[in-house]
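Secondary and tertiary structure notes
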Amino acid sequence: MKTRLLTGQDIEAAAAILGDGGLLGIPTETVYGLGANGLDPEAVRRIFEAKGRPSDNPLILHIPDASWLERYCHDVPDTAYTLAEKFWPGPLTMILPRRETVPDVVTCGLDTVGIRCPDHPVTLAVIRAAGVPTAAPSGNRSGRPSPTCAAHMLEDMDGRIDAIVDGGPCGVGVESTIIDLTVTPPRLLRPGGLPLEALEAVLGEVAVDRAVLSPLSAGEKPRAPGMKYRHYAPKAPVTVVTGEGGRTARYIRERLGKHTGVICFDEYAGQFPGCALQTIGSARDPAEQARRVFDALRSFDGTSVEAIYAQCPDDAGLGLAVANRLKKAAGFQITALEEVEP
Ligand code: AMP
Ligand code: MG
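Residues numbered from 1 in each chain as written. Chains lettered and ligands numbered in written order. Predicted model: local features only at pLDDT ≥ 70, side-chain atom pairs only at ≥ 80, totals over all residues. Heavy atoms only, no water.

1. Observations concerning the site of ligand 1
Let me state the cut-off plainly: By convention in these notes, a residue is near a molecule or strand provided one of its non-hydrogen atoms lies within 4 Å of it. In protein, a polar contact requires one atom able to donate a hydrogen and another able to accept it; more generally it is a pair of N or O atoms within 3.5 Å, and residues adjacent in sequence count only if both atoms are side-chain atoms. Where accessible areas are quoted, they stem from the Shrake-Rupley method and a 1.4 Å probe; at the residue level, only the protein chains shown are allowed to cover. By the criteria applied, helices consist of DSSP H or I runs no shorter than four residues and strands consist of E runs no shorter than two, each listed in order from the N terminus. Gly counts as polar in this scheme, as do all residues outside two lists: the nonpolar Ala, Val, Leu, Ile, Met, Phe, Trp, Tyr, Cys and Pro, and the charged Asp, Glu, Lys and Arg.
Residues in contact with ligand 1 amount to 19 residues; listed here are only the nearest, R53, T112, S138, R190 and G226. Between ligand 1 and R53 there is a distance of 2.9 Å, counted from an oxygen atom to a side-chain nitrogen or oxygen. Relative to its unbound accessible surface of 490 Å², ligand 1 loses 95% to contact with the protein. Of all the elements in the fold, those that place two or more residues in the shell around ligand 1 are β6 (112–116) and β10 (187–190). It is β6 that contributes the most residues to the shell around ligand 1, three residues altogether. Classifying every residue of the shell around ligand 1 by side-chain character gives eleven nonpolar, five polar and three charged.

2. Section: the sheet that holds strand β12 (residues 238–242)
The cut-off we apply is this: DSSP bridges decide pairing: two strands pair if at least two such bridges lie between them. For helices, the fitted line uses only the C-alpha atoms of the stretch in contact; every axis is such a line through C-alpha atoms, and the angle between N-to-C directions lies from 0 to 180 degrees. Residue contacts follow a heavy-atom distance rule, with two residues in contact if any of their heavy atoms lie within 4.5 Å.
As summarised here, the arrangement of the five strands in space is β14-β13-β15-β12-β16, forming an open sheet in which the pairing is parallel. Each end of this open sheet is capped by a strand with a single partner; those strands are β14 (276–279) and β16 (334–336). Going from strand to strand, the sheet's axes swing by 20 degrees on average, the running direction of each strand aside. Judged from the four bridges that link them, β12 and strand β15 (residues 307–311) form a sheet pairing that is parallel. Within β15, the residue paired with V241 across the bridge is Q311. Of the strands in this sheet, β12, β13 (260–264) and β14 touch helix α11 (residues 286–299), which is tilted by about 170 degrees from β14.

3. Side note on the state of the cysteines
Under the convention used in this document: The criterion for a disulfide is a pair of cysteine sulfur atoms lying within 2.5 Å. Relative accessibility decides the category of a residue: with a 1.4 Å probe and only protein chains considered, values under 20% of the type maximum give buried, values over 50% give exposed, and everything between is partly exposed.
Summed over all chains, the structure comprises zero disulfides. With no disulfide of its own, C170 lies closest to C149 among cysteine sulfurs, the gap being 7.7 Å. For C170, a relative accessible area of 7% puts it in the buried group.

4. Some words on unusual backbone geometry
Across the chain, the bulk of peptide bonds are trans and the bulk of non-glycine residues have phi less than zero. Omega for the bond connecting W88 with P89 falls within 30 degrees of zero, at -10 degrees, which places this linkage in the cis form. Take P89: it is sitting in the loop between α4 (78–87) and β5 (92–97). That bond from T184 to P185 is cis: its omega, -10 degrees, falls within 30 degrees of zero. Tracing the sequence through the fold places P185 in the loop between β9 (177–180) and β10. Of note, C108 is a non-glycine position whose phi angle comes to about 55 degrees, a positive value. On the accessibility criterion, C108 (25% relative accessible area) is partly exposed. Of note in this structure, F332 is not a glycine but carries a positive phi near 60 degrees. Relative to the elements of secondary structure, F332 occurs in the loop between α12 (319–329) and β16.

5. Remarks on the side chain of R98
Note on placement: R98 falls in the loop between β5 and α5 (104–107). Within polar-contact distance, the side chain of R98 engages the backbone oxygen of L110 at 2.7 Å. In this view, R98 contacts Y72, C73, H74, P103, D104, T107, G109, L110, D111, T112 and V113; residues no more than four positions away in its chain are not counted.

6. Section: the pairing of β13
The buried fraction of β13 amounts to five of the five residues, a majority that puts the element mostly inside the structure. Two elements, β13 and β15, share four bridges in a ladder whose sense is parallel. If you follow V262 over to β15, its bridge partner there is Y309. Note that β13 and β14 share four bridges and pair parallel. Looking at β14, one finds that I263 is bridged to Q278.

7. A few points about the pattern of salt bridges
Note the threshold: Salt bridges are counted wherever a side-chain nitrogen of Lys or Arg sits within 4 Å of a carboxyl oxygen of Asp or Glu.
Taken as a whole and assessed by the stated rule, the structure comprises 15 salt bridges. D301 is the partner of R144 in a salt bridge, and the nearest nitrogen-oxygen pair spans 2.5 Å. Residue R144 is located in the loop between β7 (134–136) and α7 (150–157), and its partner D301 is located in the loop between α11 and β15; the two are separated by 157 residues in the primary sequence. The same class applies to R144 and to D301, which are both buried. Note that R325 is salt-bridged to E175, the shortest N-O span being 2.8 Å. Remark: E175 occurs in the loop between β8 (163–166) and β9 and R325 occurs in helix α12; sequence separation between them is 150 residues. In terms of burial, R325 and E175 fall into one category: buried. Look at the salt bridges and you will find they share partners, linking R144, E155, D156, R298 and D301 into a network.

What follows is the structure in structure tokens.
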């Protein structure tokens, strides 16, 4: 299959691909998604095939506004509308009770469905023109870092999908925050582009799922099925080093070898002479780190780097999402310097 590159002008052509049961790369503010008509089980099955995605890892349905919620969900609580009013379009996915209209293949048989309204004018126009909710996971091959520009999606998906709409680089850079509204208190299943603090300001108490912060133990059943898989991984193994920036930089510098890659904050870029280096923005700017973290992880592939060390932000604001992606990329291989005497 030849994968076409479309532009933001090609709304009708892109919508026709969805209407015909095809696979379409869609730009969103978080990361690029791999979209198909969410009401067409055969088309949705092809998403799993193209990604090499495990068949028990459900997809998110993308809708153009909150008025579509009732078509696919029942018993929608008032809080869902409050959150939609405040944060949609935007990087927030809500888990809600699912109606029969949603095919099993989208939710992998769960009785809930993840729904979001993405904040990208081109994708919203394509979904409206197609007139169907778009099922879409991130547009990478399963296990790889998520794509934050059309070129990265093409690296993973060329020849596997019908087209990618190039809508420019993603403004947020990490996936949506996932909140489960079917439980009390609401539960954060994945930190993402909307900070936990913003949800707490509306919802009050929010439980943070254990799998956000640590690996699942053997046999433990995750609440967001995607959380049990290794994710976001570049080809070389990653070690994440947490703690104060000066200390983590020193720790990493003492361990540099000929084939070490380093992901660091801008302030420490001068401390790793002669090694393969990717900066992800200032230590004080987690929004910039979010925009750059997946590109940084991807950049070492195809180089001679055999091991990667990464500095890691603390959990405030978008730092929680950046730290989660780095830790998952590392398979939770973490050195915690804050727990060690200086
Ligand atoms: P991706 O967009 O590739 O990050 O994949 C979607 C994420 O949403 C995965 O981590 C899924 O496990 C999660 N997800 C989708 N639907 C549900 C659901 N009904 N309940 C819990 N998690 C979900
Ligand atoms: Mg993904």
